[in-house]
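# Residue-level structural notes
Each chain, written out:
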Amino acid sequence: RHALDVYPHECLGFIDRDGDYIRLRNMAASPELSAIPDRRELAELLHSGNILALCHSHPGGPDCPSEADMRSQVELDIPFVIVATNGQACAEPFAWGDTLVDESPLVGRSFRHGVTDCYALIRAWYLAEREIELPDYPRNWEWWLDEQAGEKDLYRRYFADAQFAPADRRRPQIGDVWLAAVRSAVPNHAGIYLDAGLALHHPSSGLPFDPVRLSKRESLARWTPYITHWLRRD
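So, here is what we can say about the structure in this document. (Residues numbered from 1 in each chain as written. Predicted model: local features only at pLDDT ≥ 70, side-chain atom pairs only at ≥ 80, totals over all residues. Heavy atoms only, no water.)

## Quick word on the overall build of the chain
A count of helical and extended segments in the chain gives 5 helices and 13 strands. Against the globule reference of 17 Å for 234 residues, the chain gives a C-alpha radius of gyration of 19 Å, in line with a compact fold. Counting only contacts in the chain whose residues sit at least 6 apart along the sequence, the fraction spanning at least 24 positions is 56%. By element, 50% of the accessible surface of the chain is carried by carbon and sulfur atoms, the whole surface being about 12800 Å². Where the 25 positive side-chain charges of the chain centre and where its 35 negative ones centre are 7 Å apart. (Helix = DSSP H or I, 4+ residues; strand = E, 2+ residues; numbered from the N terminus. Rg over C-alpha atoms; globule rule 2.2 N^0.38 Å. Contact = heavy atoms within 4.5 Å. Areas by Shrake-Rupley, 256 points an atom, 1.4 Å probe, with all protein chains shown as cover. Lys, Arg positive; Asp, Glu negative; His and termini not counted. Charge placed at Lys NZ, Arg CZ, Asp CG, Glu CD.)

## Some details on the packing of aromatic side chains
Within this structure, the stated rule accounts for 14 aromatic pairs. For the ring pair Trp-143 and Tyr-155, a centre distance of 5.8 Å and an interplane angle of 70 degrees mean the geometry is edge-to-face. One end of the pair, Trp-143, is in the loop between helix H4 (118–130) and helix H5 (154–158); the other, Tyr-155, is in helix H5, and 12 residues separate them in sequence. Across the pair, exposure class does not vary: Trp-143 and Tyr-155 are buried alike. Ring centres 5.9 Å apart and planes at 70 degrees place the aromatic pair Tyr-193 and Trp-230 in the edge-to-face group. Remark: Trp-230 occurs in strand E13 (residues 227–232) and Tyr-193 occurs in strand E9 (residues 189–195); sequence separation between them is 37 residues. The exposure class assigned to Trp-230 is buried, which follows from its relative accessible area of 6%. Grouped by ring-pair contacts, the aromatic residues Phe-111, Tyr-119, Tyr-137, Trp-141, Trp-143, Trp-144, Tyr-155 and Tyr-158 constitute a single cluster. (Phe/Tyr/Trp six-rings, centres within 6.5 Å; stacked < 30°, edge-to-face > 60°. Buried < 20%, exposed > 50% of the residue type's maximum accessible area, 1.4 Å probe, protein only.)

## Looking at the sheet that holds strand E1 (residues 12–15)
In spatial order, the strands read E2-E1-E3-E4-E5; together these 5 strands make up an open sheet with mixed pairing. The open sheet terminates on both sides in strands that have one partner only, identified here as strand E2 (21–23) and strand E5 (94–96). Ignoring strand direction, the axes of neighbouring strands in this sheet form an average angle of 30 degrees. Here helix H3 (residues 67–76) sits on the sheet in contact with strand E3 (53–59), strand E4 (80–85) and E5, set at roughly 155 degrees to E4. (Pairing = 2+ DSSP bridges. Axes fitted to C-alpha atoms, helices over the stretch in contact; angles between N-to-C directions.)

## Examining the pairing of E13
In terms of strand pairing, strand E7 (residues 165–166) meets E13 through 2 bridges, oriented antiparallel. Within E13, the position partnered with Pro-166 by the bridge is Leu-231. Two strands pair when backbone bridges link them, and strand E8 (residues 177–180) and E13 are joined in this way by 4 bridges, in the antiparallel orientation. Among the inter-strand pairings, Ala-180 is bridged to a residue of E13, identified as Ile-227.

## A word on the pattern of salt bridges
Counted by the stated rule, this structure contains 15 salt bridges. Residues Asp-98 and Arg-123 are paired through a salt bridge, measuring 2.8 Å at the closest nitrogen-oxygen approach. Here the residue Asp-98 occupies a position in the loop between E5 and strand E6 (110–112), and Arg-123 occupies one in helix H4, the gap between them amounting to 25 residues. Across the pair Asp-102 and Arg-109 runs a salt bridge, and its minimum N-O distance is 3.4 Å. What makes Asp-102 partly exposed here is its relative accessible area of 47%. If you follow the salt bridges from partner to partner, you end up with Asp-98, Asp-117, Arg-123, Asp-136 and Arg-139 in one network. (Salt bridge = Lys/Arg side-chain N within 4 Å of Asp/Glu carboxyl O.)

## Focus: H3
For H3, the set of buried residues is Asp-69, Met-70 and Gln-73. In an axial view of H3, the angular spread of the buried residues amounts to 95 degrees, which keeps them on one side of the axis. H3 presents Ala-68 and Glu-75 as exposed residues on the side facing more than 90 degrees away from its buried surface. Where H3 is buried, its residues meet E3, E4 and E5. (Arc of directions from axis to C-beta.)

## Section: the nonpolar core
Among the nonpolar cores identified, the biggest contains 25 residues, and Ile-122, Tyr-126, Phe-164, Val-177 and Ile-192 are the most heavily contacted of them. Top element by residues in this core is H4. It accounts for 7 residues. When residues no more than four places from it in sequence are discounted, the contact partners of Ile-122 are Leu-134, Val-177, Ala-190, Gly-191 and Ile-192. Residues Leu-12, Leu-24, Met-70 and Ile-78 belong to the second largest nonpolar core, which totals 13 residues. (Core = buried A, V, L, I, M, F, W, Y, C linked by side-chain atoms within 4.5 Å.)

## Some points on the sheet that holds E7
Paired through backbone hydrogen bonds, the strands of a sheet run either parallel or antiparallel to each other. Taken together, the 6 strands give an open sheet; going across it, the order is E7-E13-E8-E9-E10-E12, and neighbouring strands pair in antiparallel fashion. Two strands close off the open sheet at either side, each with one partner strand: E7 and strand E12 (216–219). Sheet strands touched by H4: E8, E9 and strand E10 (198–201). Its angle to E9, the strand with the most contacts, is close to 35 degrees.

In structure tokens:
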């Protein structure tokens, strides 16, 4: 209701400890492009502990977080909720953040860039199977098309930061990560090697949110022509 009331501006609010949604003022200079709370008001909410999640809308989409959304969520360390709207109706709100517990199986998750995408699946596998919390990296949809030097090559830019090193593609081990370039000049897809030629990965359909594009186990052979790197975390 809030998102529709203020469209084409972004709404801004929070969920309190009682589970109620409370509206906040959007202080952004361009409220149709971003949602910025009053700093003092937000600081008081965080200090009081009465904020379970910060919420805002995406007028006109996309139905996934932006790099700025992901960066702010990590900095505040509370869940974020986003609802996309066209001014007439709203998509189903979605929430994300490492403090949320996701007990859904690794296979069968719907694709949402920045939330349940190919890198998010790698993070989930390493947490579940190795009890290792890999860092997350804020990213915009279609970051691999970013023309800014160095910014569009996120996998190669950060794999060492996540403590991965090049591995021998001829002798893959369970947990090795493979990078692939799919209709891209740089690696823009990745998965986990399981065993016996099987891979776990989350393909996309070219949409930032696709509820029918599910994470899956399948033969690695299909992706071999696109693989550019093998990585291992000791």
